[in-house]
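The lines below spell out each chain.
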Amino acid sequence: MTIAGLYNYWIVILLMMTGFYVVISSGNLVKKIIGLNLFQASVFILYISIGKIANGHVPILQDGVSHYSNPLPHVLILTAIVVGVSTTALGLALVVRIRESYGSVEEEEIHRQDESL
Amino acid sequence: MLIEAVNIVLLALLAATAIAAVRLHDLFAVAMMFGIYSLLAAVMFVLLDALDVAFTEAAVGVGISTVLMLATIGLVGRHELPSTHRSLLPLAVVVATGAALIYGTLDMPFFGDPGAPVHQHVAPYYISQSPHQTGLPNVVTSVLASYRGYDTLGELAVIFTAGVGVLALLGLRRRKRPGKHRTAQ
């Protein structure tokens with residue numbers, strides 16, 4: 001019964017960890033940021049899954065419906081999506097500046113140049 | 001039953017897309033995989049009764065984020081160099097974190113359980129009072145713009161700060177090449 005009730009969360013955790021793996025294993029800064037976005041989108045799915053009620057309806061009130069899914073996680077995640085795209089934009093702008101200064105977006109190359117200074 | 005089947009197919013597609021993004025080294029392809037991933041996530045949100053989140057994710061996640069990534073790839077180059085160091089340590093960290101998180105879910109209420117603690121507080125109040133207090137049938141809108149309007153104002157502050165940051169990094173700076181500038185003087 002545990003597997004039937006929780007497998008949804010487990011697959012979402014697998015997705016989160018895939019994004020996390022890209023962040024810590026990849027040496028390319030652009031790919032790191034894409035990994036961070038994958039991680040983030042998976043966290044959104046986790047939150048929205050928690051708000052779901054079996055046989056619930058979209059939280060737009062209408063006659064003849066009594067069970068609505070929880071609107072609160074939806075509001076939180078709407079805010080998080082917009083904040084997420086702002087941080088992505090800022091991170092990518094930093095990557096462009098790093099590329100202009102170092103001529104590379106590979107972590108190892110940037111470390112090598114810093115040590116040879 | 002149909003909804004469960006769609007749910008499983010979507011989760012499998014999400015996992016396949018994410019793993020493809022890990023394995024690819026062409027950044028253009030990785031950005032496209034991220035776009036597909038966001039679109040699948042938006043479909044997942046429709047299935048989970050979160051329509052407002054679904055169209056925001058479809059517009060912002062699939063649209064704006066992917067365009068920003070493609071613009072950056074256009075400026076910095078599209079090929080990732082193969083990593084020279086071993087990838088065992090990151091894998092170990094990820095497996096340990098994932099195992100800890102899965103251990104954490106064992107205490108969670110089951111997926112879709114209407115008796116879960118998260119559904120007992122505030123949310124029923126918003127659902128029952130929203131039409132009388134704000135006059136809006138869409139509870140997500142009334143919570144976002146009315147009950148928690150200050151949170152949305154804070155969100156605007158974050159977007160403004162990020163916009164100023166991006167402009168400071170890329171826009172306001174005078175474009176000059178260090179060598180040529182000196183010879184011009």
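Criteria and cut-off values
Residues numbered from 1 in each chain as written. Chains lettered and ligands numbered in written order. Predicted model: local features only at pLDDT ≥ 70, side-chain atom pairs only at ≥ 80, totals over all residues. Heavy atoms only, no water. Helix = DSSP H or I, 4+ residues; strand = E, 2+ residues; numbered from the N terminus. Rg over C-alpha atoms; globule rule 2.2 N^0.38 Å. Buried < 20%, exposed > 50% of the residue type's maximum accessible area, 1.4 Å probe, protein only. Contact = heavy atoms within 4.5 Å. Areas by Shrake-Rupley, 256 points an atom, 1.4 Å probe, with all protein chains shown as cover. Lys, Arg positive; Asp, Glu negative; His and termini not counted. Charge placed at Lys NZ, Arg CZ, Asp CG, Glu CD. pLDDT = per-residue confidence, 0-100. Core = buried A, V, L, I, M, F, W, Y, C linked by side-chain atoms within 4.5 Å. Domains from an automatic or database assignment. Buried area = accessible area lost by both parts, 1.4 Å probe. Salt bridge = Lys/Arg side-chain N within 4 Å of Asp/Glu carboxyl O. Polar contact = N/O pair within 3.5 Å; in protein donor to acceptor, adjacent residues only side chain to side chain. Nonpolar A, V, L, I, M, F, W, Y, C, P; charged D, E, K, R; others polar. Expected span 1.5 Å × (residues − 1). Bend = angle between axes of the 7 residues up to and from the residue. Patch = residues over 30% accessible without salt bridge, like charges linked within 9 Å, V, L, I, M, F, W, Y side chains within 5 Å.

### A few points about the overall build of chain A
At step 1: Broken down by element type, chain A carries four helices and zero strands.
At step 2: When the helices and strands of chain A are placed in sequence order, the string is α-α-α-α.
At step 3: In terms of C-alpha radius of gyration, chain A reaches 20 Å, well past the compact-globule figure of 13 Å for 117 residues.
At step 4: Over its C-alpha atoms, taken along the principal directions, chain A stretches across nearly 70 × 30 × 15 Å.
At step 5: Looking at chain A as a whole, 59% of its 117 residues are labelled buried.
At step 6: Of all intrachain contacts in chain A linking residues separated by at least 6 positions in sequence, the fraction that spans at least 24 positions is 48%.
At step 7: Summing over all exposed atoms, chain A offers an accessible surface of approximately 4800 Å²; the carbon and sulfur share of this is 63%.
At step 8: Across chain A, 6 positive and 8 negative side-chain charges occur, with their mean positions spaced 4 Å apart.

### Brief notes about the confidence of the model for chain B
Residue and element names in this part refer to chain B.
At step 1: Taken residue by residue, chain B gives an average pLDDT of 87. The fraction at 70 or more is 90%.
At step 2: Here helix H8 (residues 178–184) stands out as the element of chain B with the lowest mean pLDDT, 44, in contrast to helix H2 (residues 27–47), whose mean of 94 is the highest.
At step 3: Note on residues 179–185: pLDDT is under 50 here. Beyond four places in sequence and across chains, it has two contacts.
At step 4: Confidence estimates for the predicted assembly give a pTM of 0.90 and an ipTM of 0.92.

### Focus: the nonpolar core
If you look at soluble globular proteins, the nonpolar side chains tend to sit buried side by side.
At step 1: With 64 residues, the main nonpolar core has B:Leu14, B:Phe45 and B:Val53 as its most contacted residues.
At step 2: When contributions to this core are tallied by element, the ones reaching two or more residues are helix H1 (2–25), helix H2 (29–51) and helix H3 (71–102) of chain A together with helix H1 (2–23), H2, helix H3 (51–76), helix H5 (123–133) and helix H6 (139–147) of chain B.
At step 3: Viewed by domain, this core spans two of them, domain 1 (1–80) and domain 2 (131–175) of chain B, each represented by three or more residues.

### A short note on the interface of chain B and chain A
At step 1: Across the boundary between the two partners, chain B contributes 84 residues, which contact 74 residues of chain A.
At step 2: Together, the buried faces of chain B and chain A total about 7500 Å²; carbon and sulfur atoms form 77% of this surface.
At step 3: Our count for the chain B to chain A interface comes out at two salt bridges.
At step 4: One salt bridge in this structure joins B:Asp49 and A:Lys52, with 3.0 Å as the shortest N-O distance.
At step 5: Where chain B packs against chain A, one counts 14 residue pairs in polar contact (both at pLDDT 80 or more).
At step 6: When residues of the side of chain B that touches chain A are assigned to their parent elements, the largest contribution, 14 residues, is made by H3(B).
At step 7: Class assignment for the residues of the side of chain B that touches chain A results in 59 nonpolar, 17 polar and eight charged.

### Quick word on the confidence of the model for chain A
At step 1: Summarising the model, chain A shows a mean pLDDT of 90, and 99% of its residues fall at 70 or more.
At step 2: Averaged pLDDT values over the elements of chain A bottom out at 88 in helix H4 (residues 107–115) of chain A and peak at 94 in H2(A).

### Observations concerning H1(A)
At step 1: Taking 1.5 Å as the rise per residue, H1(A) with 24 residues should run 34 Å; its terminal C-alpha atoms sit 32 Å apart, in good agreement.
At step 2: When the local axis directions of H1(A) are compared, the greatest deviation, roughly 40°, occurs at A:Asn8.

### As for unusual backbone geometry
Residues and elements named next belong to chain A.
At step 1: In the Ramachandran plot, Asn55 falls in the positive-phi region, its phi being about 60° despite a non-glycine side chain.
At step 2: Structurally, Asn55 can be placed in the loop between H2 and H3.
At step 3: The class for Asn55 is exposed, based on a relative accessible area of 72%.

### Concerning a nonpolar patch on the surface
At step 1: There is a patch of nonpolar side chains on the surface, built from B:Tyr150, B:Leu153, B:Leu156 and B:Ile159 and spanning about 460 Å² of accessible area.
At step 2: Its relative accessible area of 51% is what places B:Leu153 among the exposed residues.

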